[in-house]
Amino acid sequence: MKEVVMVQVGGFANFVGSHFWNFQDELLGLAEDPYADSVFKKQHLDMDVLYRTGETQQGILSYTPRLVSIDLQGSLGSMSSHGTLYNHEPTTASDVTTWTAGVSTHTAERHRKNLFLQSLYEEQDKSTNINDRPVDKSGLQGEYQDKDIVENLDKGVQFWTDFSKVHYHSQSLYELSGLWMDAWEFDNYGIGRDALSHGLQGEEIIERFRFFVEECDRVQGFQFMVDDSGGFSAVASELLENIADEYSNTPVLLYALRASESHVNLGKRKQTILRSLHDAVSFSQLASFCNLVVPVGLPSLSTSRASSFFCIEDEKPYHCSAIYAAALHSISLPFRMGSLAPTADLHYVSGAVDVGDVVQILSGQSRRNKVAILDMAMPAPSLTGKEAGERLLNHLHPVTPEIAEHAEDLQAVETMTIHGVLGPGGHQASASEVKDTIDAAYEHAPMRPKFCHLSVAHSPLPIPLPFPSIFKNVVGQHGELFENPTAGPPSKGSLDVHSIPMAVRLRSSSAILPYLESRLGYLRRYGVDRGAPGAELVRSWGFGKDDLEEFAEALSKMVIELKPHREVSSDSD
């Protein structure tokens, strides 16, 4: 077995991660459910790649994500930082022994569990004895209607734990303490760097990471989800730098995530300079410590083509994170699937890959490029009709921002995962049917990639109960697409849509150039050039001019690598 250790850093990353682990939990449940669709009983997925088997303090077996999650103190809502499987009673006594005067203790009221969490724990307490923990029974009314639970979630999600149906290990959830600020104030690289400069929090995070790595048999790679819109990019960089020193031969795949509300139009010049320099420094640092970076997060997901079949509210991270989590679930399926029969076509190989394989495919070919674009089709259309392949490719839309959508690149390479799609006659399409359809589509496409790795799985994306009600009413129960809307409310949720066929693609292409060039431009204009207005700001973050010039040189090399004929325009010199 080749394990993957997951790390989630920051608020939005944890929203995405919460949905991601809900998908995994749903797959585990469906595989054991005698009444579930048979397609989920033969998934050929090794879930031990992502999960660890352990034991609680009461000697009960546990199965928990191999995960380190990092967020601000107070971000866990009603959940304890020790998870839900382990007894831990917080102490309110003062540890100060030198103070002899009176001591007053101020304790914040615990967040109450919402209907979903109350019903979840009530059901678990009835069916198992895995916990002897005290349960918040306030407000319980016995059985809950799923409809009420879904409506309550759509209206009231505040924390990523509000919709999490997963048990976490006591080493998984880490809250950054000592930061007396709101999440919106933790908004730039310098603040994040300062957060770890005092105390032992950085060492504590590394120790938790080592805990999961050292119990693995053979780690295939580390997968990071990082909210890069604020200070958490610096927290992730600090962790990545330590990992690069200690696990230099283990590949790191990093998703740089950004909520829609993080893409704001800044009117004040000072704010524009701060945000621009943050973006440039954040990307430069994160990219320097990992093998492949995938920027994810559109300025407005609701108006993008990627959400053609959804009713999204951009201001709700609960909504946007669900879509991005679905894409990350699908793109990571090959890391834990069994191999399929190889094909004779030199352009296509079907089956399993590990993290290192994906890194090698996308960044180790004829040119070195460590920034990939993520495309997704949710739902993926069925493979019926003469133009099935072209239709599927046309449904793939980017969720990576700032790209050139119609760039022509003869050196482009990609890895694609398609699962749960229907073939002719309404049956689950086989790997060979999917491969033939994609091959035919690229034969007639104006531009085909130099190389494409294709992975196929039969099981679609399961839709767990706490998934938001964002499907338009042209989406059917199993993700089929109708020409005309069905009767009823304008949006559907998990009670109406049970599974979704998916297609996702990671590609290395010169289409990422606008993203790279903007960050190179920010760095030079505001930090490096003579009289740069942000030089003092970046110095306060701990970076001198030499550091910025080094960042600019690294970005320039990335741009040169992707430029046609390896030429760089004068404004990028």
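Sequence positions are assigned chain by chain, starting from 1 and proceeding in written order. The model is predicted, so local features are restricted to residues of pLDDT at least 70 and side-chain atom pairs to those at 80 or more, both for listing and for counting; the totals for chains, interfaces and linings are taken over all residues. Excluding hydrogens and water, the side-chain figures rest on all heavy atoms present in the structure.

Q: It is not clear to me how the overall build of the chain should be interpreted in this structure. Could you clarify?
A: By definition, any uninterrupted DSSP run of H or I lasting at least four residues is a helix, any uninterrupted run of E lasting at least two residues is a strand, and each is numbered from the N terminus. If you tally the helices and strands in the chain, you get 14 helices and 18 strands. Expressed as a percentage of its 573 residues, the buried residues of the chain come to 55%. The criterion used for residue contact is that any of the two residues' heavy atoms lie within 4.5 Å. Sequence separation of 24 or more characterises 79% of the internal contacts of the chain that already satisfy a separation of 6 or more. In the form shown here, the chain has an accessible surface area of approximately 25300 Å², with 49% of it arising from carbon and sulfur atoms. Type-normalised accessible area, obtained with a 1.4 Å probe on protein chains alone, sets the label of each residue: buried when under 20%, exposed when over 50%, and partly exposed for intermediate values. Only the protein chains shown count as cover for residues, and the accessible areas themselves come from Shrake-Rupley with a 1.4 Å probe.

Q: How should unusual backbone geometry be read in this particular structure?
A: Negative phi values dominate among residues other than glycine, just as trans dominates among peptide bonds. Here M378 and P379 are connected by a cis peptide whose omega angle stands at 0°. Tracing the backbone through its elements, the reader meets P379 in the loop between strand 10 (373-377) and helix 10 (388-395). Residues other than glycine seldom take positive phi values, yet E402 does so here, at roughly 55°. Locating E402 in the fold gives a position in the loop between strand 11 (397-398) and strand 12 (413-419). By relative accessible area, which is 34% here, E402 ends up partly exposed.

Q: Explain the packing of helix 7 (residues 269-288) against helix 14 (residues 545-562) to me, please; I cannot follow it from the model alone.
A: The relative placement of two packed helices is expressed as an angle between their axes plus a distance between the axes. Their axes nearest at 10 Å, the elements helix 7 and helix 14 cross at an angle of 75°. It follows that helix 7 is roughly perpendicular to helix 14 by the angle criterion. Across the interface between the two elements, V281, F283, S284, Q285 and A287 from helix 7 touch F551, L555 and M558 from helix 14. For every element, the axis is a line fit to its C-alpha atoms; helices are fit only across the contacting stretch, and the angle between N-to-C directions ranges from 0 to 180 degrees. Throughout this description, any angle smaller than 35 degrees is read as roughly parallel, any larger than 145 degrees as roughly antiparallel, any in the 65 to 115 degree range as roughly perpendicular, and the remainder as oblique.

Q: Looking at this structure, how should I read the sheet that holds strand 6 (residues 219-227)?
A: Hydrogen bonding along the main chain pairs the strands of a sheet, whether they run parallel or antiparallel. Judged by pairing direction, the sheet is parallel, and its six strands sit side by side in the order 5-4-1-6-7-8 without closing on themselves. Unpaired on one side and paired on the other, strand 5 (173-176) and strand 8 (292-296) mark the two borders of the sheet. Across this sheet, the average inter-strand angle for adjacent strands is 15°, counted without regard to direction. Whether two strands pair comes down to DSSP finding at least two bridges between them. Relative to strand 7 (residues 252-257), strand 6 runs parallel, the two being bridged by six bridges. Among the inter-strand pairings, Q223 is bridged to a residue of strand 7, identified as L253.

Q: How should the packing of aromatic side chains be read in this particular structure?
A: For any pair of aromatic rings, the description rests on two quantities: the centre-to-centre distance and the angle between the ring planes. Note on ring pairs: Phe, Tyr and Trp rings are taken, using the six-membered ring of Trp, and paired if centres are within 6.5 Å. Classes follow the plane angle, with under 30 degrees stacked, over 60 edge-to-face and the rest tilted. Per the counting criterion, the structure on display carries 18 aromatic pairs. Considering the side-chain rings of Y51 and Y63, the 4.8 Å spacing of their centres and the 15° angle between planes classify their relative orientation as stacked. Placement of Y51 in strand 2 (residues 51-55) and of Y63 in strand 3 (residues 61-65) is noted, with a sequence separation of 12 residues between them. Relative accessible area serves as the criterion here: at 3%, Y51 is assigned to the buried category.

Q: I'm lost on the pattern of salt bridges in this one. Help?
A: Pairs may arise between side chains of opposite charge once their charged atoms sit close together. Salt bridge, as applied in this entry: a Lys or Arg side-chain nitrogen positioned within 4 Å of an Asp or Glu carboxyl oxygen. Here the structure, examined in full by the defined rule, presents 23 salt bridges. Between E207 and R210 there is a salt bridge whose closest N-O contact spans 2.3 Å. A residue pair is termed a helical-turn pair when its members lie 3 or 4 positions apart in one helix, as E207 and R210 do in helix 5 (residues 201-214) at three residues. With a relative accessible area of 46%, E207 lands in the partly exposed category. Members of the salt-bridge network, linked through shared partners, are K435, D436, D439, E443 and R448.

Q: Whenever I open this one, the pairing of strand 13 (residues 451-457) confuses me. Can you help?
A: The side chains of a regular strand alternate between both faces of the sheet. Burial analysis of strand 13 places six of its seven residues in the buried class, which makes it a mostly covered element. Pairing between strand 12 and strand 13: seven bridges, direction parallel. For I418, the partnering residue across the bridge sits in strand 13 and is V456. Between strand 12 and its parallel partner strand 13, the chain crosses via helix 11 (residues 431-443), and the hand of that crossover is right-handed. Looking down the strands as they point away from the viewer, one classifies a crossover as right-handed if the path from the first strand across the helix to the second runs clockwise.

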